[in-house]
Amino acid sequence: MQRLYVVCVGALASAIMFAWLLPASTAAQNPAPAGSKDLSAVGSAKAETANAWTPSRTPWGDPDLQGVWRYEATMPLERPRELAGKATLTDEEVARRDALEKEQEAKRLAGVEGVDVGRQPLSQSPIRGNEYNSFWQDHGRPRKVYNRTALIVEPRDGRLPFTPDAQKAEARSAARYGVGPYESYLDPDTGERCLTDGVTALMWQGPNGGHNRIVQSPGYVTILHEEYRDRRVIPVDGRPHGSIRQWFGDAVARWDGNTLVVDTINFADKTHYEWANIWTRPSETLHLMERFTRTDADTIDYEITVEDPTTFSKPWKAVIPITKLPDKTEIYEYACHEGNYAMANLLSGARAERGGR
Amino acid sequence: MRSGLKGAMVMVAVGAVIAIAVLRLGVTPTAGRADAYTAPRTADGKPDLNGVWQALNTANYDVQAHPARPAMALQPAPPRTGPPGLGRATPSDLPAAPVRALGAVGGVPAGKGVVEGNEIPYQPWAAAKKKENSDNWLTRDPEIKCYLPGVPRATYMPYPFEILQSTDKILIAYEFAGATRTIHMEESGSSPSDTWMGWSRGHWEGDTLVVDVTSFNDQTWFDRAGNFHSDALHVIERYTPVSQYHLMYEATIEDPKVFTRPWKISMPLYRRFEKDAALLEYKCVEFVEELLYGQLGIRDPGAAQTHK
């Protein structure tokens, strides 16, 4: 996703301002970012005390998932190639990464920016989000270091099981990114067009830190994703799936004990568009299962199972810890399309470049 | 005899049911009678406004009273060939060329308007700008560009919206452009920037949800007729349940940079109570890219041709 930032500067101007403001206010409200809560994540695998903690209830009796949530850990979606076969880090490796996070955070809070913080080029960075331009998604407090080396737990190798065609599409997409061609508005990816980055990615990653507000009302769970102002109003009232295909499909949900289980089908086929990451694109064969389990006051265990023979040779599953932000945290208006000056500039730039040859 | 009595009792019972139904539902919902109805309560004791709602009027064309006409975008007919009624018949204003193909679909239905007193108290310069906006509707209306619709316009666009009522937050989710407002029912700080949809603080006055909306930019309109505001806009909305199926909606509009005094609109909102009523997607950005960007690129996907 970090590839997105360079091109979307104009489009995201107002939202980016918020991205800067938010971490600052978050840090102010949480003056002990390196406190025991963060340390508790160190060395722990997926929380195994899920049943030990009883979530509070809404006034009408549903488990309460409400608040503003964000992914704050350092695990990448896929296991890095150099860690092939290594599902977990050693305690020493975890401690070293945790120290790096805290060291860099201190520098960020002191106003240091760019490479002076200790960030590295993408190819050399040991942790996702530590790249040179990752200030776009600065969290304002140290991220949590877990000992798992990937969010993907199935397949066991921690890698996306792309079909051969999807693998080619991903390679093509990566080669195009920031390079072009940009001959028309169809050439930028869906994020640069202010459409979406895809429903599978929204809960836990995004160009400005991936803030999400969950609001519950009787029979509904609504998720407001700050990015692209994407929104899912999910009925939890036993209704069946409808028949209309949409970008975000057709979600119905139920409670399984304290777990919200969301079942989404009827996605529209958007594979003919450019995507920043092929794995986030919906096709008509996509079947997304999501499980939201609040394992303590500040954590949702977010589990996604993605089945889509158009893009993947077999289903894959990721277990993603999502962190609750302080109560007063807000999400803000994301008027991306309304300010998408980048689109016009990108297209006129491409024309100028063509003319100059 | 017995069956006759039974029949009479049934008729009385039916009559009573009808009378109750008329009392509860058949009464014309007016603001003055709002206190006759008490809304059901949520689990935490607040009036329950949850549901999918929609306006049924022509305010999105023009919040003021207006007759029907052939199109929003008109162009003058060719000059008459003689005095009216004495020369040959000539057309009245015609739909502008870009919308002519729409025929009756592009026509504007008449409406009695939703503005109290029907007057919008523009300052003189602003009245001139409103006319200019109207004359340039096709290129200026933010609705055409799929921009966030603003408040109160989002309420009476021809799309449903859904009230999702939690305890300290109430969401209003609009189908158009996927816009969502968060109504802060608790102390919420303030907006760090001007916005399209405003910053909304809510409280209850009896059964009425009162929402105070500030921090607007100057980009949204009130309707397709070019009625507009500045970044000094301040809207106070009132949502009052008047039956199980109706809300009365009022919005008081203040903007000292544009108007000489506050003015008010009001209208009923109707519950969408069909089975499984729900908002659907209207992600219109991809619907307007060809319009906004088609001719800017090296290739125009709509024209399937390469520009030099």
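What comes next concerns the included structure. Remember, it's a predicted structure, so these values are computed and weren't measured experimentally. (Residues numbered from 1 in each chain as written. Chains lettered and ligands numbered in written order. Predicted model: local features only at pLDDT ≥ 70, side-chain atom pairs only at ≥ 80, totals over all residues.)

## Let's talk about the overall build of chain A
Then, number 1: Tallying secondary structure elements over chain A gives 7 helices and 10 strands in all.
Then, number 2: For chain A, the residues scored as buried account for 44% of the 357 residues in total.
Then, number 3: Restricting to contacts in chain A with at least 6 residues of sequence separation, those with at least 24 account for 67%. (Helix = DSSP H or I, 4+ residues; strand = E, 2+ residues; numbered from the N terminus. Buried ≥ 20, exposed ≤ 12 C-beta atoms within 10 Å, placed from the backbone. Contact = placed C-beta atoms within 7 Å.)

## Digging into the overall build of chain B
Then, number 1: Of regular secondary structure, chain B possesses 4 helices and 13 strands.
Then, number 2: Taking all 308 residues of chain B together, 35% fall into the buried category.
Then, number 3: Put simply, of all contacts in chain B between residues at least 6 apart along the chain, 61% involve residues at least 24 apart.

## Describing the sheet that holds strand β10 (residues 246–254) of chain B
Residues and elements named next belong to chain B.
Then, number 1: If you trace the 9 strands once around the closed barrel, you get β1-β4-β5-β6-β7-β8-β9-β10-β11, paired in mixed fashion. Along the sheet, successive strands turn relative to each other by an average axial angle of 30°, direction set aside.
Then, number 2: Two strands pair when backbone bridges link them, and strand β7 (residues 199–205) and strand β8 (residues 208–214) are joined in this way by 7 bridges, in the antiparallel orientation. Following the sheet pairing, W204 is matched in β8 by L209. (Pairing = 2+ DSSP bridges. Axes fitted to C-alpha atoms, helices over the stretch in contact; angles between N-to-C directions.)

## Concerning the environment of A:W279
All names here are of chain A.
Then, number 1: Relative to the assigned elements, W279 resides in the loop between β7 (259–265) and β8 (287–296).
Then, number 2: Since 20 C-beta atoms lie within 10 Å of it, W279 is described here as buried.
Then, number 3: With 109 residues separating them along the chain, W279 and E170 place their C-alpha atoms 8.2 Å apart.
Then, number 4: In contact with W279, other than residues within four places in its own chain, are L160 and T311.

## Structural notes on the interface of chain A and chain B
Then, number 1: Between chain A and chain B, the contact holds 42 residues from the first and 38 residues from the second.
Then, number 2: With 7 residues, helix α7 (residues 341–356) of chain A is the single largest residue contributor to the side of chain A that touches chain B.
Then, number 3: A per-class count over the side of chain A that touches chain B returns 23 nonpolar, 9 polar and 10 charged. (Nonpolar A, V, L, I, M, F, W, Y, C, P; charged D, E, K, R; others polar.)

## Describing the nonpolar core
A general trend in soluble globular proteins is that nonpolar side chains are found buried together.
Then, number 1: One finds A:V221, A:Y302, A:I322, B:L247 and B:M267 to be the most contacted residues of the largest nonpolar core, which totals 108 residues.
Then, number 2: Once residues lying within four places of it in the same chain are set aside, the contact partners of A:V221 are A:L65, A:I214, A:Q216, A:I234, A:V236, A:A253 and A:L260.
Then, number 3: Counting 8 residues, the second largest nonpolar core, distinct from the first, contains A:Y182, A:Y185, A:L346 and A:L347. (Core = buried A, V, L, I, M, F, W, Y, C linked by C-beta atoms within 7 Å.)

## Quick notes on the pairing of β7(A)
All names here are of chain A.
Then, number 1: Across 7 bridges, strand β6 (residues 250–256) lies against β7 in antiparallel orientation. Paired with D256 across the two strands is T259, which belongs to β7.
Then, number 2: Turn length for the β6-β7 hairpin, with the two strands adjacent in sequence and antiparallel, is 2 residues, and the turn residue G257 shows positive phi of about 65°.
Then, number 3: Of the strand pairs in this sheet, β7 and β8 are connected by 6 bridges, and their pairing is antiparallel. Bridging across to β8, L260 finds its partner in F292.

## Here we look at the pairing of strand β10 (residues 316–324) of chain A
Residues and elements named next belong to chain A.
Then, number 1: Counting buried positions over the 9 residues of β10 gives 7, a clear majority of the element.
Then, number 2: Note: strand β1 (residues 67–70) against β10, 2 bridges, orientation antiparallel. In the sheet register, R70 faces β10, and the bridge partner there is T323.
Then, number 3: Relative to β10, strand β9 (residues 299–307) runs antiparallel, the two sharing 8 bridges.

## Observations regarding unusual backbone geometry
Then, number 1: With an omega of -5°, the peptide bond running from A:E154 to A:P155 counts as cis.
Then, number 2: On the secondary structure map, A:P155 appears in the loop between β2 (152–154) and α5 (164–176).
Then, number 3: Residue B:P152 follows B:V151 across a cis peptide bond; omega there is 10°.
Then, number 4: One can find B:P152 in the loop between α3 (137–140) and β4 (161–165).
Then, number 5: Positive phi, normally seen in glycine, also occurs at B:C146, with a value near 65°.
Then, number 6: Relative to the helices and strands, B:C146 is located in the loop between α3 and β4.

## Some words on the environment of A:V306
Residues and elements named next belong to chain A.
Then, number 1: Here V306 lies in strand β9.
Then, number 2: The buried category is assigned to V306, around which 21 C-beta atoms lie within 10 Å.
Then, number 3: Considered as a pair, V306 and W279 are 27 residues apart in the sequence and their alpha carbons are 9.5 Å apart.
Then, number 4: Residues within four places of V306 in sequence aside, it is in contact with T200, L288, F312, P315 and W316.

## Considering the environment of B:L280
Then, number 1: Structurally, the position occupied by B:L280 is in the loop between β11 (263–271) and α4 (285–293).
Then, number 2: Spatially, the C-alpha atom of B:L280 lies 30 Å from that of B:H234, the residues being 46 residues apart in sequence.
Then, number 3: Setting aside its immediate chain neighbours within four residues, B:L280 contacts A:I244, A:Q246 and B:E175.

## A look at α5(A)
Then, number 1: Helix length check: α5(A) (13 residues) gives 19 Å between terminal C-alpha atoms against 18 Å at 1.5 Å per residue, within 8%.
Then, number 2: One or two residues past the end of α5(A) sits A:G178, with phi positive at roughly 70°. (Expected span 1.5 Å × (residues − 1).)

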